[in-house]
Amino acid sequence: MRTAVLCCFVLIGVCGTLTTAAAAQSSSETEITPPADSVRIVLTELEPFVDNDDGRPDGFYAEIWAAVALELGVTYEFVWADSFGELLDTVERGDAEVAVAPLAPTAARETRFDFSSAVISSGPHLGFHERMVADRSILSTLFSPSVRQILLVAVLGLVILAHLIWIVERGRDDEEGSDFRQEYLPGIWDGFWWATVTVTTVGYGDKAPRSFGGRAIALLAMLLSLFLVGAFVSQITDILAEQRTAAPIEGLDDARDHPVGVVGGSTFADYVNGEGLETVAFDSQAALFEAVEAGEIDVMVTNPFALSAIGPEHGVRPAGTVLYEEFETFGLAQGSPWREPINQALADLQASGEIEEIIDRWMN
């Protein structure tokens, strides 16, 4: 899963103003001149992008920023925001120049902020807690369409066998008598009982054919049961296992009966709300995963990097595929002089493959 996420979502080209290989090459040959020797950044905990390691930034987005700062030749100070929604507000107030988090430019955000070139490509991905699979009742699984179809074929076969043995054995009035009554319904029931205990190899012995034809039918039924019962049980077991492990949701339509956990202030939250689903907003991604693990909610929407990196430790599995693709960047104040130098640094790091190496190291 982690390798697949990396292959699908690492952005090799730099989007924005530097979109061509020629521009990237030009940026690597041009001296980068930052507007100051030091810059203030704001972060929030958003594992695996950003983590608070005893007050120091950690995570692959934080490491990418550290590489950008090294490329620019600047030092940086950092402050921590309590929630994802506070990041851009901190930049707008002037308490920091750069928001280091996977921020997606939107039309509304672009009216107030600037953004760097894309760092990665990601998007919202549904996740569910594995208890949703475990909570499926065995009865609902047994009465699934595929199981019902097999049971129907089995019952039909037993009914046919019951008729055959009844026709041959009914109402024998010789010295041996008959275990199968002459009347149709009682006789068919006798035949069905005999067919069931014979095919399933239970063999109570309370009913037995006595004619040559009846014993020939019985012999055929016993021989076939050696193969058919094994195949039948194997098929039922496979279907039950598939039903019990299949994802309970694959897309947003499947999640409409469940409150969906999101990180408040994110574009993912806006998207899910826009689709008309009930959402529960959390200040941080850590709080979101903890709520799912604690059973407060069963379904969440986050990015595939988080589902791959920390989902398993919280019992969260991915469902379906990414709902849509978006480019994620650093956030800056409107008209920020840091935008162009940061873009140049990102272009060099993308061209050298260093960003891809950082993500690969974190996701594996």
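Everything below is about the structure printed above this text.
Quick look at the structure, then. All of these numbers come straight from a predicted model, not from anything done at the bench.

Take the overall build of the protein next. The number of helices and strands found in the protein is 15 helices and 13 strands. Evaluated residue by residue, the protein yields a buried proportion of 45% over its 364 residues. Considering only residue pairs separated by 6 or more positions, the protein has 76% of its internal contacts joining residues 24 or more positions apart.

What follows deals with a nonpolar patch on the surface. Together, L219, L220, M222, L223, L224, L226, F227 and L228 give the surface a local cluster of nonpolar side chains, amounting to about 850 Å² of exposed area. Residue position: L224 is located in helix 10 (residues 212–245).

Those residues of helix 11 (residues 267–274) that fall on the buried side of the exposure criterion are T267, F268, A269 and V272. Elements that come into contact with the buried residues of helix 11 comprise helix 5 (107–110), strand 9 (260–263), strand 10 (279–282), strand 11 (299–302) and strand 13 (326–333). G276 sits one or two positions beyond helix 11 and adopts a positive phi of about 85 degrees.

The next subject is the pairing of strand 11. Burial along strand 11 is two-sided: the residues V299 and V301 and M300 and T302 are all buried. Pairing analysis gives 4 bridges linking strand 8 (residues 125–129) to strand 11, with the strands arranged antiparallel. Note on strand 11: the bridge partner recorded for H125 is T302. Here strand 9 pairs with strand 11 via 2 bridges, running parallel. Looking at strand 11, one finds that V260 is bridged to V299.

Another aspect to go through is the sheet that holds strand 8. Spatial ordering of the open sheet is given by 10-9-11-8-12, a layout of 5 strands whose pairing is mixed. Strand pairing shows two members of the sheet lacking a second neighbour, strand 10 and strand 12 (316–319), which therefore form its edges. Pairwise comparison of adjacent strand axes, ignoring direction, gives a mean angle of 35 degrees for this sheet. Strands strand 9, strand 10 and strand 11 of the sheet are contacted by helix 11, whose axis makes an angle of about 145 degrees with strand 9. Along the sheet, helix 12 (residues 285–294) contacts strand 8, strand 9, strand 10, strand 11 and strand 12; its crossing angle with strand 11, the most-contacted strand, is approximately 160 degrees.

Quick look at the environment of F113 now. Inspection of the secondary structure puts F113 in strand 6 (residues 113–115). Between the alpha carbons of F113 and D89 there is a distance of 9.8 Å; along the sequence they are 24 residues apart. F113 has contacts with L88, E92, L332 and Q334, leaving out every residue within four places of it along the chain.

When you line up the elements, P304 lands in helix 13 (residues 304–309). Here the alpha-carbon distance between P304 and L126, two residues 178 residues apart in the chain, equals 8.6 Å.

This part takes up the nonpolar core. Core analysis: the largest hydrophobic core is formed by 57 residues, its most contacted members being F60, W65, F330 and I342. A per-element tally of this core places helix 3 (residues 60–72) first, with 8 residues. Discounting chain neighbours no more than four positions away, the residues touching F60 are P48, F49, I120, F305, I358, I359, W362 and M363.

End to end, helix 14 (residues 339–352) covers 20 Å across 14 residues, agreeing with the expected 20 Å (1.5 Å per residue, within 8%). Backbone geometry just after helix 14 places G353 at a positive phi near 85 degrees.

Overall, the coordinates contain 13 aromatic pairs when judged by the stated rule. Between W65 and F330, the aromatic rings sit 5.8 Å apart at their centres with planes inclined by 90 degrees, giving edge-to-face as the arrangement. Placement of W65 in helix 3 and of F330 in strand 13 is noted, with a sequence separation of 265 residues between them. F330 matches W65 in its accessibility class, with the two residues each being buried. Cluster of aromatic residues (ring-pair linked, three or more members): F49, F60, Y61, W65, Y76, F305 and F330. Positioned over the ring face of W166 is R170, at 4.6 Å from the centre of the ring.

Moving on, we come to the pattern of salt bridges. It is possible for side chains bearing opposite charge to pair when their charged atoms get close. What the rule picks out here adds up to 11 salt bridges. For E97, the salt bridge identified is with R40, shortest N-O distance 2.5 Å. Here R40 lies in strand 1 (residues 38–43) and E97 lies in the loop between helix 4 (87–92) and strand 5 (98–103), a separation of 57 residues in the sequence. Residues R131 and D298 are paired through a salt bridge, measuring 2.8 Å at the closest nitrogen-oxygen approach. Of the two residues, R131 sits in helix 6 (residues 131–134) while D298 sits in the loop between helix 12 and strand 11, which places them 167 residues apart along the sequence. According to the relative accessible area criterion, R131 is buried, its value standing at 19%. In this structure D298 comes out as partly exposed when scored by relative accessible area, which is 25%.

Reading guide: rules and limits
- Residues numbered from 1 in each chain as written.
- Predicted model: local features only at pLDDT ≥ 70, side-chain atom pairs only at ≥ 80, totals over all residues.
- Heavy atoms only, no water.
- Helix = DSSP H or I, 4+ residues; strand = E, 2+ residues; numbered from the N terminus.
- Buried < 20%, exposed > 50% of the residue type's maximum accessible area, 1.4 Å probe, protein only.
- Contact = heavy atoms within 4.5 Å.
- Patch = residues over 30% accessible without salt bridge, like charges linked within 9 Å, V, L, I, M, F, W, Y side chains within 5 Å.
- Areas by Shrake-Rupley, 256 points an atom, 1.4 Å probe, with all protein chains shown as cover.
- Salt bridge = Lys/Arg side-chain N within 4 Å of Asp/Glu carboxyl O.
- Pairing = 2+ DSSP bridges.
- Axes fitted to C-alpha atoms, helices over the stretch in contact; angles between N-to-C directions.
- Core = buried A, V, L, I, M, F, W, Y, C linked by side-chain atoms within 4.5 Å.
- Expected span 1.5 Å × (residues − 1).
- Phe/Tyr/Trp six-rings, centres within 6.5 Å; stacked < 30°, edge-to-face > 60°.
- Lys NZ or Arg CZ within 6 Å of the ring centre and 35° of its normal.

Read these as layout, nothing more, since geometry by itself doesn't imply function.
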